[in-house]
Amino acid sequence: MPATIAPNFHSRTVEILDSLEQSGQLKLLQSIEGPMDATVRMRGHGEVVCLCSNNYLGLANHPEVVEAGIAGLRKYGAGTASVRFICGTFDCHERIEARIAQFYGVEASYTFTSCWNANEAIFATLCEPGDMIVSDEFNHASIIDGIRLAVSIKKGLLRGVYKHGDLNALRERLVGARANSEVTGTIWVVTDGVFSMEGDIADLPGIRALCDEFGALLIVDDSHGTGVMGASGRGTHEHWGMSATKIDYFTGTLGKALGGAAGGYIAGSRRAIDLIVQRGRPTLFSNALPCSVACSADKAIEVLMREPQRVTRLRDNVAYAREGIAKLGFSVLESPTAICPIIVHDTAKAIHMSRQLLDSGVFVIGFGYPVVPEGHARLRVQISAAHEQAHLDTLFTALATLAR
Ligand SMILES: Cc1ncc(COP(=O)(O)O)c(C=O)c1O
């Protein structure tokens, strides 16, 4: 054993964990003992109202979605035991990919085992040296790391970050990119549709206009907007009244509104998807989406397309919850999304408040550093179409107790 290295690693790990514990920042993994729904059975707490899942449309435990997953398991077995290009492409993959493309109204899509993987694939595959990627500073960690990876493996691929949601800052970046002699290829702009920690939305019409002005391509990760935003849940572009064709590429997850299991995708032009199939390292070197998940997610999208009233119900619940929280004197960032962050600044305080809420039968997670920047800790309340008004009233009662 390399005695000089191992004790060093051991002691520094213990030090980090101890310091997290002492400062009240240690995350406790809560164990759920049943399906994800409006309420969940939590070990040690019994039945609690769940207000921190991404189960926006209540499809995670929908009977048809569950049955489709079981049927997929029966038909295809436990897994593909292969990456896609060897022997891991099953007809259920073709079906879900056609479904995703149909849902957006774009040419094609390709699935991954997570949206993290999709974001790891898209930049490293589609971008080349001489290109520049311009990214909103609050983009999801998977976008940030996907860009870091692409830049590190393609020398000469450039990146820039613009101030969150600031179109003037984006314009400045684009002006700079066009004036930069090292930028000889494509300029890419990437943004979350709905920002996961703020719950605000990207100004897609403004961003599209700038992309057109500067000849840039636009990628939108709408993981929190798909199934939530727009009259039929198509996403943030629909909220803005934009056609999906105005977005060059979408990335998204199957792990939130669309069944909630796991999996991600890239959707857009056939040509780009063909390139991803040939060159995307997460798909060349990692197993295919499990067939049971492909089948349950396919059913979830079918249910969403058949029952757009789920989106309306979610919207009504969001309005009711936002109004109720604000009435109690908590400041919630204004937005039409299902993510309602209550900013409390201090990480230990957020975690403590979250534990108090749990004692009142309400499950809301407190987020602190490193998930959000130091000093920006928050309780993130997330609303679902599965909630009844009574569930949201329980939240208000618990928050009122907290406020007192
Ligand atoms: C904007 C965004 N992109 C990507 C992801 C990652 O999704 P997945 O769980 O499918 O990897 C998330 C998950 O939180 C997200 O919010």
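Predicted model only: the values in this text are computed from it and were never measured.

Caption draft 1: Molecular detail of the domain arrangement of the chain. What the domain assignment reports for the chain is domain 1 (23–52 + 308–403) and domain 2 (63–306). Averaged C-alpha coordinates put domain 1 and domain 2 at centres separated by 27 Å. On the side of domain 2, 15 residues touch domain 1, which itself brings 14 residues to the contact. Elements represented by at least two residues in the side of domain 1 that touches domain 2 include exactly α13 (309–327) and β10 (339–345). Looking at the side of domain 1 that touches domain 2 residue by residue, the classes come out as 11 nonpolar, two polar and one charged.

Caption draft 2: Up close: the packing of helix α5 (residues 115–126) against helix α10 (residues 270–279). At their nearest, the axes of α5 and α10 sit 10 Å apart, and the two run at 100° to each other. One finds that α5 runs roughly perpendicular with respect to α10. Facing α5, whose interface residues are A121, T125 and L126, α10 presents A272, L275, I276 and R279.

Caption draft 3: Here's a closer look at the site of the ligand. By nearness alone, 13 residues border the ligand, and S114, C115, W116, H140 and T253 come closest of all. For the shell around the ligand, a count of residues per class yields two nonpolar, nine polar and two charged.

Caption draft 4: View of the nonpolar core. Counting 117 residues, the largest nonpolar core has V134 and I266 as its most contacted members. Both domains that meet at this core, namely domain 1 (23–52 + 308–403) and domain 2 (63–306), each give it at least three residues.

So, how was this worked out
Residues numbered from 1 in each chain as written. Predicted model: local features only at pLDDT ≥ 70, side-chain atom pairs only at ≥ 80, totals over all residues. Domains from an automatic or database assignment. Contact = placed C-beta atoms within 7 Å. Helix = DSSP H or I, 4+ residues; strand = E, 2+ residues; numbered from the N terminus. Nonpolar A, V, L, I, M, F, W, Y, C, P; charged D, E, K, R; others polar. Axes fitted to C-alpha atoms, helices over the stretch in contact; angles between N-to-C directions. Parallel < 35°, antiparallel > 145°, perpendicular 65-115°, else oblique. Near = placed C-beta within 6 Å. Core = buried A, V, L, I, M, F, W, Y, C linked by C-beta atoms within 7 Å. Buried ≥ 20, exposed ≤ 12 C-beta atoms within 10 Å, placed from the backbone.

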